[in-house]
Amino acid sequence: MIDLQQIHRNFQVGDQVVHALDDIDLHIAAGEYVSIMGPSGSGKSTLLNLIGLLDRASSGRYLLDGEDVTTLSDIEQAATRNHRIGFVFQAFHLVPRLTAAENVELPLVLAAMPVEQRKPLVARALESLGLSDRAHHKPEQLSGGQRQRVAIARATVTEPAVLLADEPTGNLDHKSGDDVINILESLNKRGITLIVVTHDPEIGGRARRRLEMRDGQIETDSATESQGA
Amino acid sequence: MHNRDVARFALVALRGYPGRTTLMLIAMAIGVAAVVVLTSLGEGARRYVSDEFSSLGTNLLIVIPGRSETAGVNPTTLMGETPRDLTLDDALALTRSYSVRRIAPLNVGSTDVNWHGKQREVTVIGTNHEMLAIRHWELSQGKFLPDSDLDVATPVCVIGSKIRSELFGAKRAIGEWLRLGDRRFRVIGIMGSAGRSIGVDVQETIMIPVASAQQLFNTPSLFRILVEAKSRAAIEPVKRFIVDTLQERHQGEKDVTVITQDAVLATFDRIFSALTYAVGGIAAISLFVAGILIMNVMLVAVSQRTAEIGLLKALGAAPKQIVVLFLSEAFLLSLLGTVAGLVLGEFASLLIRKAFPVLPAQAPLWAVLTAILVALLTGLLFSLLPARRAARLDPVLALSRR
Ligand SMILES: Nc1ncnc2c1ncn2[C@@H]1O[C@H](COP(=O)(O)OP(=O)(O)OP(=O)(O)O)[C@@H](O)[C@H]1O
Ligand SMILES: [Mg+2]
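For clarity, every value in this text was computed on a predicted model and none was experimentally measured.

**Student:** Is there a simple way to explain the overall build of chain A in this structure?
**Tutor:** The secondary structure content of chain A amounts to 8 helices and 10 strands. For a compact globule of 229 residues, the expected C-alpha radius of gyration is about 17 Å, and chain A comes in at 18 Å, within 12% of that figure. Based on the C-alpha atoms only, the size of chain A along its principal axes is roughly 50 × 40 × 40 Å. When the 229 residues of chain A are sorted by exposure, 54% land in the buried category. Looking at chain A alone, contacts between residues at least 24 apart form 69% of all its contacts between residues at least 6 apart. Counting every atom, chain A has about 10100 Å² of accessible surface; 48% of that belongs to carbon and sulfur. Computed over 23 positive and 32 negative side-chain charges, the inter-centroid distance for chain A is 7 Å.

Given below as structure tokens:
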């Protein structure tokens with residue numbers, strides 16, 4: 001479902017060009033569970049943002065479900081993000097003024113879904129993450145683990161095909177980090193394509209398919225390794 | 001996104017930053033209130049002057065000796081310099097038109113009044129019985145000047161109520177003889193409390209027949225002739241009739257100026273309207289300043305909420321939606337500020353009206369509408385730049401900055 005072909009992403013820093021992604025070829029099938037590891041600055045976040053259509057490649061082709069999304073307009077890309085992609089960030093990124101329920105509702109509001117359709121979806125998303133009793137709490141009244149669970153509810157309320165998580169446990173203690181990973185994995189078991197960027201080898205090792213990045217390239221891919229072996 | 005959701009999001013955002021919101025509300029409200037108060041003052045002054053002129057009488061024409069260069073009002077005509085005399089015969093000649101309802105000749109002078117040793121200086125008006133009706137004056141006691149020929153110098157006078165109380169105190173004034181200059185006049189009437197005239201308080205004047213005034217001040221000429229036309233439509237024909245008649249009587253010289261009350265009113269109306277526009281415009285500048293403040297505060301808001309903007313983009317907000325969200329926020333703010341400003345301004349006008357009842361301070365509708373329009377437009381216009389900046393933010397950078 002995700003098909004990256006000869007993707008390059010260069011950043012111009014002063015008179016120097018940084019190759020954040022250097023000729024990436026990557027195929028990820030629907031329903032896969034992929035972890036991306038690698039040293040700092042190796043291009044993990046850049047790759048994830050590109051897959052999530054938050055960033056555009058300098059060159060190369062990106063097919064999402066067979067459709068070339070590199071040439072989509074801003075508006076079409078925004079709609080694609082809204083319907084087909086969910087994000088979970090290290091810093092949660094909840095809107096502080098809004099309650100948990102309102103934060104979860106946000107993607108549906110942006111999609112102009114009528115109120116009466118929104119409410120049951122939000123309630124269901126909160127319930128499946130065990131947050132029903134926190135629906136009307138503001139983010140500041142929630143623990144880190146609860147905040148990340150709200151963020152996951154928000155990312156999944158539109159029932160996207162892909163869930164992208166950039167160090168989802170980076171700001172959490174071990175226990176709540178574990179909870180979050182368990183939740184993400186259970187979502188994957190129900191069919192969502194899950195891609196997790198992490199520094200934690202223990203977490204990265206739990207994925208069925210593991211990518212190692214270095215200097216903008218995919219150094220090892222457990223899928224091709226096992227093929228080769 | 002539905003409009004209701006946009007409005008709700010904007011409202012929650014405004015509530016989320018109460019300090020900033022209050023500051024901008026105040027700036028906007030002050031601007032709008034300034035327009036309302038200043039234009040209401042200008043309008044009040046205009047109405048005050050226009051009311052004063054209306055109190056001169058209805059369908060009134062004023063004949064002034066001397067030809068003014070321009071047809072309108074200028075300082076010379078108002079000062080009443082006298083290059084060629086108007087006479088009682090001139091005044092009589094003006095009654096010979098079907099369209100003229102009544103005329104009143106006018107002589108004005110100043111002299112001492114004496115009664116039983118009490119003395120003060122007074123303004124003496126020489127006129128005829130028609131004056132009462134022309135000026136819509138009322139008597140409180142007695143009769144007005146007798147209906148006799150203009151050249152009959154009857155020794156009677158009508159005194160203002162202030163003169164009466166100063167000279168006579170609680171004593172009966174009607175029938176008493178008082179002395180004006182070196183002549184004696186019998187008091188036959190006392191002016192009612194109503195009745196003003198530009199610059200002169202009727203209550204401080206004494207009125208005598210015009211022929212008596214001519215003797216008293218030793219002059220054959222008149223200061224003014226007041227002419228009342230039968231209707232509004234008759235004002236222009238009467239004006240032509242006056243000019244033609246007096247030209248004929250003055251050996252073909254066009255040596256009088258006829259001003260109509262309408263013309264005077266129109267002139268003052270123009271002056272005060274211009275004044276109102278001017279102060280309104282100056283006040284509108286404060287709206288502009290409020291606009292610049294809004295722009296700055298919105299720019300700060302955008303940079304403070306960078307991560308939130310990045311998030312909205314990640315969740316699928318198109319750039320246009322971000323613009324709409326921020327513009328709505330600014331618009332809502334301007335709207336609330338405008339409402340607060342209108343309430344504040346109208347309240348201040350009310351206080352002014354209560355404190356100075358003669359000044360009908362009320363902001364004209366055009367000023368209120370303009371203030372609303374300008375406030376809303378500046379709010380939108382000045383937040384366009386911040387909103388566009390928000391929409392252009394790179395979501396990756398926006399989300400990674402913490
Ligand atoms: N906007 C940018 N401008 C310039 N250089 C950038 C930009 N974004 C990323 N880079 C560079 O691209 C490279 C890859 O960055 P990226 O954020 O993908 O690394 P990462 O693997 O996610 O690192 P970390 O583990 O520290 O998050 C780095 O060298 C970084 O400096
Ligand atoms: Mg990273």
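**Student:** Could you clarify how one ought to interpret a nonpolar patch on the surface in this entry?
**Tutor:** Residue and element names in this part refer to chain B. On the surface, Ile285, Phe288, Val289 and Ile292 cluster together to form a nonpolar patch covering roughly 360 Å² of accessible area. Secondary-structure assignment places Ile292 in helix H9 (residues 261-304). The exposure class of Ile292 is partly exposed, given its relative accessible area of 35%.

**Student:** Would you mind going over the packing of helix H3 (residues 100-110) of chain A against helix H5 (residues 144-156) of chain A with me for this structure?
**Tutor:** Residue and element names in this part refer to chain A. Interhelical geometry of H3 versus H5 gives an angle of 30 degrees and a closest axis separation of 7 Å. Comparing the axis directions of H3 and H5 gives the class roughly parallel. In terms of crossing hand, the pair formed by H3 and H5 is right-handed. Each of Ala100, Asn103, Val104 and Pro107 in H3 lies in contact with H5, whose residues at this interface are Val150, Ala153 and Arg154. When the residues that make up the contact of H3 with H5 are grouped by side-chain class, the tally is 5 nonpolar, 1 polar and 1 charged.

**Student:** Teacher, can you tell me more about the confidence of the model for chain A here?
**Tutor:** Low-pLDDT portions of the prediction should not be read for the details of their coordinates. Residue-level pLDDT values for chain A average 93, and 98% of them are 70 or greater. When the elements of chain A are averaged for pLDDT, helix H8 (residues 222-228) of chain A gives the smallest value, 69, and strand S8 (residues 193-197) of chain A the largest, 97.

Cut-offs and rules
Residues numbered from 1 in each chain as written. Chains lettered and ligands numbered in written order. Predicted model: local features only at pLDDT ≥ 70, side-chain atom pairs only at ≥ 80, totals over all residues. Heavy atoms only, no water. Helix = DSSP H or I, 4+ residues; strand = E, 2+ residues; numbered from the N terminus. Rg over C-alpha atoms; globule rule 2.2 N^0.38 Å. Buried < 20%, exposed > 50% of the residue type's maximum accessible area, 1.4 Å probe, protein only. Contact = heavy atoms within 4.5 Å. Areas by Shrake-Rupley, 256 points an atom, 1.4 Å probe, with all protein chains shown as cover. Lys, Arg positive; Asp, Glu negative; His and termini not counted. Charge placed at Lys NZ, Arg CZ, Asp CG, Glu CD. Patch = residues over 30% accessible without salt bridge, like charges linked within 9 Å, V, L, I, M, F, W, Y side chains within 5 Å. Salt bridge = Lys/Arg side-chain N within 4 Å of Asp/Glu carboxyl O. Axes fitted to C-alpha atoms, helices over the stretch in contact; angles between N-to-C directions. Parallel < 35°, antiparallel > 145°, perpendicular 65-115°, else oblique. Left-handed = near helix turned anticlockwise from the far one by under 90°. Nonpolar A, V, L, I, M, F, W, Y, C, P; charged D, E, K, R; others polar. pLDDT = per-residue confidence, 0-100.

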